[in-house]
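For reference, the chains in residue letters:
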Amino acid sequence: MFPAAFDYIRAHSAEEALAALAQHGAEARILAGGQSLIPAMRLRLARPAVLVDLGGVKDLGYLREEGGDLRVGAMTRDVTLERDANVRARYSLLTDTGAVIADPVVRCLGTVVGSLCHGDPSGDWGAAALASRAVMVARSASGERLIPIDEFLVDSFQTSLEEGELAVEVRFPTPDGRTHGSYQKIERKVGDYATAAAAVQITLGDDGRVTHAGVALTAAGPRPVRVDAAEKLLLGQLLTEDVIRAASEEARIVSDPFADTRGSVEYKKDMARVLVARGLRASAARLGTGVTA
Amino acid sequence: MSIETDATNNAGPQTLTMGKGMKRKEDPRFLTGNGNYVDDMRLPGMLYMAIVHSPYPHANIKGIDKAAALAVPGVKAVITGEDLVAASLAWLPTFHGFDKQMVLAVGKVLFQHQEVAAVFAETREAARDAAELVDVDYEPLDPVISPFDSMKDEVILRDDREDKTNHIYHWDSGDRDGTQAALDDSEVVVTERIYAPRCHPAPLEPCGCVAQFDAMGRLHFWVTSQAPHVYRTAISLVTGIPEDKIRVISPDIGGGFGNKVPVYPGYVCAIVGALILKTPVKWIETRTENLTTTGFARDYHMDVTIGAKKDGTVTALKVKTVADHGAFDAAADPSKYPAGMFGVVTGSYQFPVAFAELDAYFTNKAPGGVAYRCSFRVTEASYAIERGMDILAQKLTMDPAELRRKNFVRKDQFPYDSALGFTYDSGDYEGTMDKALNQIGYAELRREQAEKRARGEYMGIGISTFTEVVGAGPSKHFDILGIKMFDSAEIRIHPTGTGIIRTGTKSQGQGHETTWAQIVAEELGLDPQNLLVEEGDTDTAPYGLGTYASRSTPVAGAALALAARRVREKARKVAAHLLEAAAEDIEWVDHKFQVMGAPSRSVTMKEVAFAAYTNPGEGNEPGLEASLYYDPPNMTFPHGAYIAVVDVDAETGEVKVRRFLAIDDCGTVINPMIVEGQVHGGLTEGFAIAFMQEIPYDEQGNNMAPNFMEYLIPTSVEAPVWETGSTVTPSPHHPIGAKGVGESPNVGSPAAFVNAVMDALAPLGVTHIDMPLTREKVWRAIRDAQAAAASD
Ligand SMILES: Cc1cc2nc3c(=O)[nH]c(=O)nc-3n(C[C@H](O)[C@H](O)[C@H](O)COP(=O)(O)OP(=O)(O)OC[C@H]3O[C@@H](n4cnc5c(N)ncnc54)[C@H](O)[C@@H]3O)c2cc1C
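Only a predicted model underlies this, so the values are computations on that prediction, with no experimental measurement involved.

Attention now moves to the overall build of chain A. Helix and strand content of chain A: twelve helices and 14 strands. What you see for chain A is a C-alpha radius of gyration of 19 Å, in line with the 19 Å of a compact globule of 293 residues. For chain A, the spread of C-alpha atoms along the three principal axes comes to 60 × 45 × 30 Å. With 293 residues in all, chain A has 55% of them scored as buried. Summarising the internal contacts of chain A: among those between residues at least 6 apart in sequence, 65% fall at separations of at least 24.

Residue and element names in this part refer to chain B. Those residues of helix 16 (residues 605-614) not exposed but buried are Met605, Val608, Ala609, Ala611 and Ala612. What you see down the axis of helix 16 is that its buried residues fit within an arc of 165 degrees, all on one side. On its buried face, helix 16 sits against strand 25 (487-493), helix 14 (512-524), helix 15 (552-579), strand 28 (586-589), strand 29 (592-595) and strand 30 (598-603).

Residue and element names in this part refer to chain A. One can find Leu280 in helix 12 (residues 265-286). By relative accessible area, Leu280 is classed as buried at 0%. Distance in space between the C-alpha atoms of Leu280 and Phe6 is 46 Å, their sequence separation being 274 residues. In contact with Leu280, other than residues within four places in its own chain, are Val200, Ile202, Leu234, Ile244 and Ala247.

Residue and element names in this part refer to chain A. Partitioning chain A into structural domains gives domain 1 (7-53), domain 2 (61-173) and domain 3 (179-286). With centres defined by C-alpha atoms, the gap from domain 1 to domain 2 works out at 19 Å. Across the interface of domain 1 and domain 2, roughly 990 Å² is buried in total on both sides, 72% from carbon and sulfur atoms. Note that Arg139 and Glu15 form a salt bridge whose closest N and O atoms lie 3.3 Å from each other. For the interface between domain 1 and domain 2, the tally reads two residue pairs in polar contact (both at pLDDT 80 or more). Residues belonging to the side of domain 1 that touches domain 2 are distributed by class as follows: seven nonpolar, four polar and one charged.

With that settled, the discussion passes to the pattern of salt bridges. Under the counting rule described, the total for this entry stands at 94 salt bridges over all chains. When the shortest N-O distance is used, the salt bridge between Asp324(B) and Arg198(B) registers 3.6 Å. Of this pair, Asp324(B) sits in strand 17 (residues 314-324) while Arg198(B) is found in the loop between strand 10 (188-196) and strand 11 (208-213), placing the two residues 126 residues apart along the sequence. The class for Asp324(B) is buried, based on a relative accessible area of 0%. In this structure Arg198(B) comes out as buried when scored by relative accessible area, which is 2%. Through salt bridges with shared partners, one network takes in Arg188(A), Asp192(A), Asp260(A), Arg262(A), Lys268(A) and Glu710(B).

Glancing now at the packing of aromatic side chains. Residue and element names in this part refer to chain B. Enumeration according to the criterion identifies 30 aromatic pairs over all chains in this entry. With centroids separated by 5.9 Å and ring planes inclined at 55 degrees, the aromatic side chains of Tyr264 and Tyr267 adopt a geometry described as tilted. Both residues of the pair, Tyr264 and Tyr267, belong to the buried class. Among the aromatic side chains, those forming a connected cluster through ring pairs are Phe466, Tyr642, Phe660, Phe687, Phe691, Trp722 and Phe753. For the cation-ring pair, Lys100 lies above Trp91, with the distance from its terminal atom to the ring centre recorded as 4.3 Å. Sitting over the ring of Tyr548, Arg551 keeps its end group 5.6 Å from the ring centre.

Right, let's talk about the interface of chain B and chain A for a bit. With 25 residues of chain B in contact, the opposing surface of chain A contributes 22 residues. For the pair chain B and chain A, the two sides together bury roughly 2,300 Å², of which 52% comes from carbon and sulfur. Across the chain B-chain A interface, the total number found is eight salt bridges. With a closest N to O distance of 2.8 Å, Glu651(B) and Arg278(A) form a salt bridge. At the junction of chain B with chain A, the criterion picks out 17 residue pairs in polar contact (both at pLDDT 80 or more). Among the elements of the structure, helix 4 (124-133), helix 9 (287-293) and helix 19 (775-791) of chain B are those that each provide at least two residues to the side of chain B that touches chain A. Taken together, the residues of the side of chain B that touches chain A break down into seven nonpolar, four polar and 14 charged.

For sheets, the rule is that strands pair by backbone hydrogen bonds, running either parallel or antiparallel. All names here are of chain B. With respect to topology, three strands assemble into an open sheet ordered 28-29-30, the strand pairing being antiparallel. Each having just a single partner strand, strand 28 and strand 30 make up the two edges of the open sheet. Adjacent strand axes in the sheet meet at a mean angle of 45 degrees when their direction is disregarded. On the sheet, helix 16 packs against strand 28, strand 29 and strand 30 and is oriented at approximately 45 degrees with respect to strand 30.

Now for the site of the ligand. All names here are of chain A. Taken together, the neighbourhood of the ligand is formed by 30 residues, with Ile30, Gly34, Gln35, Thr111 and Asp124 sitting nearest. Taking Thr111, its side chain carries an N or O atom lying 2.6 Å from an oxygen atom of the ligand. Between the ligand and the protein, one listed contact pairs a nitrogen atom with a backbone N or O atom of Ala167 at 2.8 Å. When isolated, the ligand has an accessible area of 970 Å², and the protein chains bury 92% of it. When contributions to the shell around the ligand are tallied by element, the ones reaching two or more residues are strand 2 (28-31), helix 7 (112-118) and strand 10 (166-173). For the shell around the ligand, the leading source of residues is helix 7, giving five residues. In the shell around the ligand, the residues fall into 15 nonpolar, eleven polar and four charged.

Another aspect to go through is the sheet that holds strand 17 of chain B. All names here are of chain B. Spatial ordering of the open sheet is given by 9-18-17-16-10, a layout of five strands whose pairing is mixed. The open sheet has two edge strands, strand 9 (167-174) and strand 10, and neither has a second partner. Sheet twist, expressed as the average angle between the axes of neighbouring strands with direction ignored, equals 10 degrees. Packing of helix 6 (residues 176-185) onto the sheet brings it into contact with strand 9, strand 10, strand 16 (300-308), strand 17 and strand 18 (354-361), and relative to strand 17 it is tilted by some 125 degrees.

Residue and element names in this part refer to chain B. For the bond from Ala472 to Gly473, the omega torsion is -20 degrees, close enough to zero to count as cis. Tracing the backbone through its elements, the reader meets Gly473 in the loop between strand 22 (458-464) and strand 23 (479-480). Residue Pro772 is reached from Met771 by a cis peptide bond, and omega for that bond is -10 degrees. Tracing the chain through its elements places Pro772 in the loop between helix 18 (744-761) and helix 19. Of note, the phi angle at Ala549 is positive, near 55 degrees, even though the residue is not glycine. For Ala549, the position within the fold is in the loop between strand 27 (531-534) and helix 15.

Residues and elements named next belong to chain B. Where strand 28 lies against strand 29, four bridges are found, and the strand directions are antiparallel. Following the sheet pairing, Glu587 is matched in strand 29 by Gln594. Once strand 28 ends, the chain turns through two residues before running back antiparallel as strand 29, passing Asp590 with a positive phi of about 50 degrees. Summarising the sheet, strand 29 and strand 30 pair through three bridges and their orientation is antiparallel. For Gln594, the partnering residue across the bridge sits in strand 30 and is Ser602. Between strand 29 and strand 30, which pair antiparallel in sequence order, lie two residues; one of them, Gly597, sits at a positive phi of approximately 80 degrees.

Before going further, it helps to spend a moment on the side chain of Thr379(B). All names here are of chain B. Considering the arrangement of structural elements, one finds Thr379 in helix 10 (residues 378-396). On the basis of relative accessible area, Thr379 is assigned to the buried category, the value being 4%. The residues contacting Thr379, other than those within four sequence positions of it, are Arg298, Tyr372, Arg373, Cys374, Asn746 and Val747.

Residue and element names in this part refer to chain B. This model, assessed by the stated rule, comprises nine cavities of 30 Å³ or more. Size it by volume and the largest cavity reaches roughly 120 Å³. The wall of the largest cavity is formed by 13 residues, among which Leu92, Ile235, Val238, Val263 and Val268 lie closest to the centre. Volume-wise, the second largest cavity comes out at about 60 Å³. Every residue lining the second largest cavity is listed: Pro93, Thr94, Phe95, Gln101, Pro262, Val263, Ala330 and Ala332. Among the residues making up the lining of the second largest cavity, the classes are represented as six nonpolar, two polar and no charged.

Residues and elements named next belong to chain B. With respect to the helices and strands, the residue Thr465 is situated in the loop between strand 22 and strand 23. Judged by relative accessible area, Thr465 falls into the buried class, the value being 2%. The contacts of Thr465, once residues within four sequence positions are left out, are Ser348, Tyr349, Glu386, Arg404, Phe408, Met433, Gly640 and Ala641.

Quick notes on the rules
- Residues numbered from 1 in each chain as written.
- Chains lettered and ligands numbered in written order.
- Predicted model: local features only at pLDDT ≥ 70, side-chain atom pairs only at ≥ 80, totals over all residues.
- Heavy atoms only, no water.
- Helix = DSSP H or I, 4+ residues; strand = E, 2+ residues; numbered from the N terminus.
- Rg over C-alpha atoms; globule rule 2.2 N^0.38 Å.
- Buried < 20%, exposed > 50% of the residue type's maximum accessible area, 1.4 Å probe, protein only.
- Contact = heavy atoms within 4.5 Å.
- Arc of directions from axis to C-beta.
- Domains from an automatic or database assignment.
- Buried area = accessible area lost by both parts, 1.4 Å probe.
- Salt bridge = Lys/Arg side-chain N within 4 Å of Asp/Glu carboxyl O.
- Polar contact = N/O pair within 3.5 Å; in protein donor to acceptor, adjacent residues only side chain to side chain.
- Nonpolar A, V, L, I, M, F, W, Y, C, P; charged D, E, K, R; others polar.
- Phe/Tyr/Trp six-rings, centres within 6.5 Å; stacked < 30°, edge-to-face > 60°.
- Lys NZ or Arg CZ within 6 Å of the ring centre and 35° of its normal.
- Pairing = 2+ DSSP bridges.
- Axes fitted to C-alpha atoms, helices over the stretch in contact; angles between N-to-C directions.
- Near = heavy atom within 4 Å.
- Areas by Shrake-Rupley, 256 points an atom, 1.4 Å probe, with all protein chains shown as cover.
- 1 Å grid on protein atoms, 1.4 Å probe; cavity = no way out; pocket = protein on both sides within 12 Å on 5 of 7 lines; lining within 4 Å.
- Points joined across faces, edges and corners; volume = space filled by probe spheres on them.

The structure is reproduced here in structure tokens:
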């Protein structure tokens, strides 16, 4: 399997990358970790005329907390989050997500921002970003803009990035001590995309009632799906088994997957329900509140 | 000598290397990335070939325009089916002998991804680019995907054939009327349609070749072949090139599993390209080409019916199979065995009467039906009977182990004539099963299961006590293209007591370089580290039928042991000369020659070897070598008892294989480490087949698993931890008592997994789910059963 011919530009800074994008317009594609783009090129499903490689842009490879957010640079690989003690201790949703993406080899190369830019409704970072209310930072010749993740993820393999724009960072709000989450995924084997998956993040008030809820689904529609109804239903509630059941049923209803070799619509919808329930139970356990029946 | 000794192995007679886990001699080369595969071949002026594949499963070809492809820089030629017709090379005989196969499509395409044209170019990339530009004008036709539709003969797929039917052949074995009568009289009868899904051997290295004609017009053909000599003869028969003008070389092979037995269209195209372009041609498949065009396995729909008495004694077995062979009958079975060794379907049990029949049909799917790590349809047969026995146990509410015990062929009944005509050589089915039951703690597991069931949890225990038939085969029954299925060995001992061993088989990862050296070392008292094993070059290796069907140790291994004994007989005469005694007075004791009754007067084989070249003694032939062709008197019948323990998540349908124990009996064990490795690999494949692997086609005839994103290969994360063990019941007719083991785990394990899941779901009344047991299928079975229970 050999890609069609292409030109290759190795950028050494975001500015160089932007210049290359400006020069080649729609012909050009950014290459980050290459774990989605290169397989697609090898199968000749993608045929960019020019690749602009961010591999040499060292100063986009960072992970730091600033301004109440975890800031993840465009060249920060999945594995960096996976190995970061602070992320592991406090960002349970991101930690769970990072552990089930592809396999360790892919995670050493693939980037969080690249995955979000890819816009694959089966990509795991999308739902995790929705549930944690992430914000994308896009840069162009005219400057930077912040794009809330709900606006960033437009459709299958389509984001709100404009031609000539580069995603430089994604920001995940830093959870306070009363916030935890969970990512639950069913996959046929390691390295497979989700048959169904759910991202959940919950903040509890002092009275044990939900003050913030993030619930989102992977592979459940043309783009990662926020389960609004479940989030609304959870607000102000104690995490009882009844509440969990009701919220997870909303996930089943809103899930709109397509049938493929991974499963039927009916199965995937039901798994959305099962996984949201499991995610809520796991979050509750992490928050130290046993679920009451 | 650097033979590794195993201090714990002090049972039985003293051996040099036999039964010891000597490290594999070939591994340093592989582990350091220095294997030499077909794709490593680079010849001056070599061109690359790429194949154009059909996007349609069934279509007329109205025309092919090569112009755009030929215009790509570096492209040298494009050939199509019509070009091959002109050279009388458009069709290829299949090994099976019932059919022929298109090399490049002529007139129409019959399966998605079928080979339509071949492009030759200076680089791989140019060949690919040009392949995309070959403009084929297709007129799509409705595809016939199911053999149950195909059998209606509403659309005749193969208008090239004289018989205007999609039916390829009928095969049967056993007593049709007697079986029906016995079933009619049986107190209990169970019947189930059991599907062995279409799967693919998917060797890590795909198929490929390099074809070169030398200045003298001789063809040198490097190819990923499990049977290089058969290829040489087949190429000669197809192309008309005299066989002496063909040299086939199988270098290191990265896994075969039956996929590298058939001759594929790409090979013929590469040879044609090398001939017309007068320069070497390389063709290496892509993963998708391997999965979509080369030999698949299984695809048997089996109606299994078992009769029994109320106490569980089986009375009769009937199996009626519909086989889907795809567009061409390219199954690589021995000529007289269109359904392979399916007759072993009576398994380990005493069926007084049995009948098996099979009808094979064409469909618009890829051709094949290869023996994927099994001795020709043995996996299908073993799966059918082991599944069937569990369905019977469930019906009788009998413990599946006890049902098996009641019906086993007993140890004292061997040689045993099965109802379908095999003579089982030896076995101890009950002993092997008991060892497995004890080792896994069967009674305790059943107690745990009862507790879990009371709590509404789904835990299952699955048993498979399979019998295989391997080592094809005796010449009176077995041939491929008329060539009898013997195998051969040649041993040359050098003056310094080292040597070279050649056989007609071809390792693809099985470890022949080690095992063969161990056999010869044991027979001759030499160091296995200094016995070089060479296979795969038809110019040097003796003629043999190759490695598949677990035949290497039963056939070539026997040839080796007997050839070594021939060497020993020659050596005895030289030893007699050295010891100044009569040859009749020389005995072979403790791996050296000694004068009978005078143990102090002895010589080693090493000393004899030197003398064979320097001082052979008057009247003795100098040198020390022998070759031997071995025609096995019977097949060998390895067996095993496998037990799987699973937990099923009723909410998601997920199955966790908590434990898996495999007790194998492959007769004499040559190298237990290699045997264990083979068992681990085969079990992992069996696990994949049971839970995740299938080549499904949608209704439009699209192949739905054309790459490893869809055709799933389990990793160490998914695969259970394998527990293994063995019992040893030597084959009475094999010179060293060995039976072959490479395939047992693939043959025996699928039923153990499925039986375990069905055992877990038994309280719900679920009797059978077809493989692969995906989460959804398990989930659906549970949900449907619960819904049915609720509506009662
Ligand atoms: C075997 C395998 C299994 C996988 N399994 C999973 C899985 O289970 N779950 C999962 O979520 N993913 C999976 N992936 C995908 C993997 O996570 C990818 O790494 C990820 O989706 C893309 O990240 P990347 O850095 O490799 O992006 P690339 O492949 O380099 O790029 C992806 C796309 O995003 C664009 N892009 C990248 N960065 C930017 C940027 N900064 N600005 C603008 N556009 C940009 C590119 O132009 C391209 O179109 C798998 C991949 C493989 C090979």
